[in-house]
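# Summary of the model geometry
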Amino acid sequence: MLIDGKKIAKKVRRSLEPRIDALKSKGITPGLAVILIGDDPASQSYVRMKEKAFKKLNMESKTYRLAAETPQSEVLELIDQLNADKNIHGILVQIPVPDHLDEMTLLERIDPQKDADGIHPVSLGKMVLGIETPLPCTPHGILKLLEYSDFETEGKHVVVIGRSNIVGKPISNLLAQKKDYGNATVTICHSRTKNIKKITKQADILIVAIGQPEMITGEYVKDDVVVIDVGSNRIDAPETEKGYRFVGDVDFEEVSQKAQAITPVPGGVGPMTISMLLFNTVYLAEKYGK
Ligand code: NDP
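First things first, this report covers the structure right here in the doc. (Residues numbered from 1 in each chain as written. Predicted model: local features only at pLDDT ≥ 70, side-chain atom pairs only at ≥ 80, totals over all residues. Heavy atoms only, no water.)

### A short note on the environment of Thr193
By the secondary structure assignment, Thr193 is in the loop between strand 5 (185–189) and helix 8 (196–200). Between the C-alpha atom of Thr193 and that of Pro98, which follows or precedes it by 95 residues, the distance is 30 Å. Ignoring anything within four residues of it in the chain, the contact list for Thr193 reads Ile188 and Ile199. At a separation of 2.7 Å, a polar atom in the side chain of Thr193 contacts the main-chain amide nitrogen of His190. (Helix = DSSP H or I, 4+ residues; strand = E, 2+ residues; numbered from the N terminus. Contact = heavy atoms within 4.5 Å. Polar contact = N/O pair within 3.5 Å; in protein donor to acceptor, adjacent residues only side chain to side chain.)

Quick look at the structure:
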């Protein structure tokens, strides 16, 4: 079975429509500000996708495109302005940022009440404590993929490969929490894990977020596993018109032979991440919008 992220992402977006209408009837249009610094082609393409998704739902999205050499003080000033702007309900700084900027300083400057990405230290702290807060978009999207596909996590052994702040750490924590689509037994693997195949072969659900093109082959999984491939890696493909294509961290051909269900790349986790950004912006507008 293919876990169709595009289809599920659309369902999530549709579920937001009445909430957006209700906000609009109160004179509030949920609005996101995106700060894009520099000209990284992948970031530019992600930001274009986000703009399109917001427009389609009649939400506001404003992108601030700053030159790569913009000093940190200017970015902080812009964040302060956006924090004070009542028409903006969510703010995100597209990562990665150029080397001279400190990602964490920029992130911490965002008002937690406008943290559309759900990765501000305050949001992550609340998430760990089980207090209502915007959840980080990719992990939240993974939970929705499991939920809409009816894959219960309770009592399952979930193996997560990767421990980044935006994917591996939060998804591991969420799955271990005592709540719906939690209650799993979670094992976290990373680059220092020894004998990784022995661990991944025990997974009922395997979540891979490592940024290593097609590393997870059939040898890493047991039959009937459910696989969520977060990876999004651009590889050369001279046979295509563009000269490149995107692959996941999982070898889809091999693993799909053994898996009970698997997400494709593209069309799996990616569209969900954007849907959850829309979700968070609506949530923040409902909670704090005036
Ligand atoms: P990071 O580079 O921040 O983290 C990668 C993690 O994988 C690290 O914890 C690292 O271990 C671990 N790792 C790397 N190589 C190996 C290996 N050979 N064996 C075991 N563990 C390994 O990545 P992100 O979490 O930000 O992203 C992961 C992937 O997901 C990327 O392809 C990214 O593009 C994609 N992504 C996709 C999104 C989407 O919406 N579709 C959203 C976010 C990310 P260690 O900590 O020891 O270094």
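### Brief notes about the layout of surface pockets
Roughly 390 Å³ of volume is contained in the second largest pocket. Surrounding the second largest pocket, 21 residues form its lining, Leu135, His140, Leu143, Leu174 and Lys179 being those nearest its centre. Every element with two or more residues in the lining of the second largest pocket is listed here: helix 5 (121–129), helix 6 (137–148) and helix 10 (269–288). Tallying contributions element by element places helix 6 first for the lining of the second largest pocket, with four residues. The residue makeup of the lining of the second largest pocket, split by class, is nine nonpolar, six polar and six charged. (1 Å grid on protein atoms, 1.4 Å probe; cavity = no way out; pocket = protein on both sides within 12 Å on 5 of 7 lines; lining within 4 Å. Points joined across faces, edges and corners; volume = space filled by probe spheres on them. Nonpolar A, V, L, I, M, F, W, Y, C, P; charged D, E, K, R; others polar.)

### Comments concerning the packing of helix 2 (residues 41–56) against helix 10
Where helix 2 contacts helix 10, the axes come no closer than 10 Å and their chain directions differ by 55 degrees. As judged from the angle between their axes, helix 2 and helix 10 are oblique. Judged by the twist between their axes, the crossing of helix 2 over helix 10 is right-handed. In this structure, helix 2 contributes Met49, Lys50, Ala53 and Phe54 to the contact, and helix 10 contributes Ile274, Leu277, Leu278 and Thr281. Broken down by class, the residue content of the contact of helix 2 with helix 10 amounts to six nonpolar, one polar and one charged. (Axes fitted to C-alpha atoms, helices over the stretch in contact; angles between N-to-C directions. Parallel < 35°, antiparallel > 145°, perpendicular 65-115°, else oblique. Left-handed = near helix turned anticlockwise from the far one by under 90°.)

### Looking at the pairing of strand 4 (residues 157–161)
In terms of burial, strand 4 is a largely internal element, five of the five residues being buried. Every second residue of strand 4 is oriented toward a common face, with His157, Val159 and Ile161 on one face and Val158 and Val160 on the other, all of them buried. Here five bridges tie strand 4 to strand 5, and the two strands are oriented parallel to one another. Within the sheet, the bridge partner assigned to His157 lies in strand 5 and is Thr185. A crossover links strand 4 with its parallel partner strand 5, the connecting element being helix 7 (residues 168–176), and its sense is right-handed. (Buried < 20%, exposed > 50% of the residue type's maximum accessible area, 1.4 Å probe, protein only. Pairing = 2+ DSSP bridges. Right-handed = clockwise from strand over helix to strand, strands pointing away.)

### Overview of the sheet that holds strand 1 (residues 31–37)
Strand order in the open sheet made by the three strands is 2-1-3, with parallel pairing throughout. Strand pairing shows two members of the sheet lacking a second neighbour, strand 2 (60–66) and strand 3 (90–93), which therefore form its edges. On average, adjacent strands in this sheet sit at an angle of 15 degrees to one another, irrespective of strand direction. Pairing analysis gives seven bridges linking strand 1 to strand 2, with the strands arranged parallel. Its bridge partner being in strand 2, Ile35 is matched across the sheet by Tyr64. Against the sheet, helix 2 makes contact with strand 1, strand 2 and strand 3, and its axis sits at roughly 160 degrees relative to strand 2, the strand it touches most.

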